Amino acid sequence: MSGVFENKELFKSGHTACAGCAVATGFRHIMRAVGKDCVIVNATGCSEIFTSAYPKSAWEVPYVHCVFENAAPVAAGVVEALRAMGNDHTKVVVLAGDGASYDIGFGHLSGMLERGHDVLYISYDNEAYMNTGVQRSGATPWKAYTTTSQVGSKIRGKLQNKKPMTEIVAAHGIPYVASSTSAHYTDLEMKVKKALSIRGPKFLNVLCTCVPGWGTDPSLSIQYLKDAVDTHVWPLLEIENGYLKMNMKPEKKPVETYLKGQKRFKHLTPEDVSEIQKMVDERWEGWVWREKVDTERKKELGE
Ligand SMILES: Cc1ncc(C[n+]2csc(CCOP(=O)(O)OP(=O)(O)O)c2C)c(N)n1
Ligand SMILES: [Mg+2]
């Protein structure tokens, strides 16, 4: 069919994601930027379930579903096989959740980065193991409720901090690392395109609202991601050849703007909120400081 009814999307509608799932929105934009000449490697998790339940598929491109922990080595194998066959152009892109990336596939991801395979690894971070019923992951923020970081009289949500994954990946010294969200479409598409223009391992950390996991209104999924950026909870940044650049420095809104209305945070006390504000401010200052140092170093070295 042609004309206005032609659907040129490479990630099709008709999948079974929840209403308001920001992962689905993100994938649509990611695929617009990736284009047709690719192989998608998708780790076990919500996205594999809602896009590829046999015999249906939302993918208009070659797609490999792999087990939870090994998306990075599968992608490494695919890219090396393509290159061995003389194919120098097909892009290999991993789409994997935070559980798969921050935790269970972390060692494999680290190995892939260290070996230098020409793969774009995108971690879609909805901050918990959502597919299996909202268990806490290394990406779950401090104090958030999940089914394995419950709220009672003594323990009140997750006891540990969120893993600084963007920085950990950047410490591997790979050519391109960036963070974005499913709501910042232009930023997200620009970063996917830029990453794919660079040879070697690339990593993108994309924050995505999860309606059942965060306990949010489905109509507000995009708003929460905008608030995450506007409150400085989640930066839009790039670390290119080791140099950090902040893509947006919005005037800071108080952290409550982001936390309010999310059921996973509804038990927070005013003291908890002040503590979170302090943590957010410290991290933000750290990024701004590093951007300043990196910009000066870049100038000095004439790079
Ligand atoms: C080795 C292994 N352990 C546990 C599971 C069960 N499991 C399947 S998906 C999943 C959660 C995935 O979490 P994440 O990667 O964050 O993706 P999301 O579901 O949040 O999109 C778990 C624990 C599994 N499939 N394999
Ligand atoms: Mg997850």
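Preceding this section is the structure that the text describes.
As the structure is a prediction and not an experimental result, all values here were calculated from the model.

**Overview of the pairing of strand β4 (residues 119–125)**
Then, number 1: In terms of burial, β4 is a largely internal element, seven of the seven residues being buried.
Then, number 2: A two-sided burial pattern is seen for β4, the buried positions comprising Val119, Tyr121, Ser123 and Asp125 on one face and Leu120, Ile122 and Tyr124 on the other.
Then, number 3: When strand β3 (residues 91–97) meets β4, the two strands line up parallel, connected through six bridges. Note that in β4 the partner of Gly97 across the bridge is Tyr124.
Then, number 4: As judged from the six bridges shared by β4 and strand β6 (residues 202–207), these two strands associate in the parallel manner. Following the sheet pairing, Ile122 is matched in β6 by Leu204.

**A word on the packing of helix α3 (residues 71–84) against helix α5 (residues 106–115)**
Then, number 1: The contact between α3 and α5 brings their axes to 7 Å, and the two run at 35°. Of the residues in α5, those in contact with Ala72, Pro73, Ala75 and Ala76 of α3 are His108, Leu109, Gly111, Met112 and Arg115.
Then, number 2: Tallied by class, residues from the contact of α3 with α5 come to six nonpolar, two polar and one charged.

**Points about the nonpolar core**
Then, number 1: Of all hydrophobic cores here, the largest spans 83 residues; its most connected members are Val41, Ala71, Ala75, Val94, Val119 and Ile122.
Then, number 2: Ignoring anything within four residues of it in the chain, the contact list for Val94 reads Val41, Ala71, Ala72, Ala75, Val119, Tyr121 and Ile122.

**Quick look at the site of ligand 1**
Then, number 1: For ligand 1, the set of nearby residues contains 16 residues, the closest of which are Gly45, Cys46, Gly97, Gly99 and Asn131.
Then, number 2: When residues of the shell around ligand 1 are traced back to their parent elements, those giving at least two are α2 (46–51) and α4 (98–104).
Then, number 3: Top element by residues in the shell around ligand 1 is α4. It accounts for three residues.
Then, number 4: Counted by class, the shell around ligand 1 contains five nonpolar, nine polar and two charged residues.

**Re the sheet that holds strand β5 (residues 176–181)**
Then, number 1: Here we have eight strands laid out as an open sheet, ordered β2-β1-β3-β4-β6-β5-β7-β8, and mixed in their pairing. Every other strand in the sheet has two partners, leaving β2 (63–66) and β8 (243–246) as the edge strands with one partner each. For this sheet the average axis-to-axis angle between neighbouring strands, irrespective of direction, equals 15°.
Then, number 2: Packed on one face of the sheet, helix α7 (residues 185–196) meets β3, β4, β5, β6 and β7 (237–240) and runs near 160° to β5.

**Looking at α5**
Then, number 1: When we look at burial in α5, the residues that qualify are Leu109, Met112 and Leu113. All buried residues of α5 lie within an arc of 100° about the axis, which places them on one face of the element. Pointing more than 90 degrees away from the buried face of α5 are the exposed residues Gly107 and Glu114.
Then, number 2: Buried residues in α5 make contact with α3, α4, β4 and α6 (165–170).

Procedures and definitions
- Residues numbered from 1 in each chain as written.
- Chains lettered and ligands numbered in written order.
- Predicted model: local features only at pLDDT ≥ 70, side-chain atom pairs only at ≥ 80, totals over all residues.
- Buried ≥ 20, exposed ≤ 12 C-beta atoms within 10 Å, placed from the backbone.
- Helix = DSSP H or I, 4+ residues; strand = E, 2+ residues; numbered from the N terminus.
- Pairing = 2+ DSSP bridges.
- Axes fitted to C-alpha atoms, helices over the stretch in contact; angles between N-to-C directions.
- Contact = placed C-beta atoms within 7 Å.
- Nonpolar A, V, L, I, M, F, W, Y, C, P; charged D, E, K, R; others polar.
- Core = buried A, V, L, I, M, F, W, Y, C linked by C-beta atoms within 7 Å.
- Near = placed C-beta within 6 Å.
- Arc of directions from axis to C-beta.

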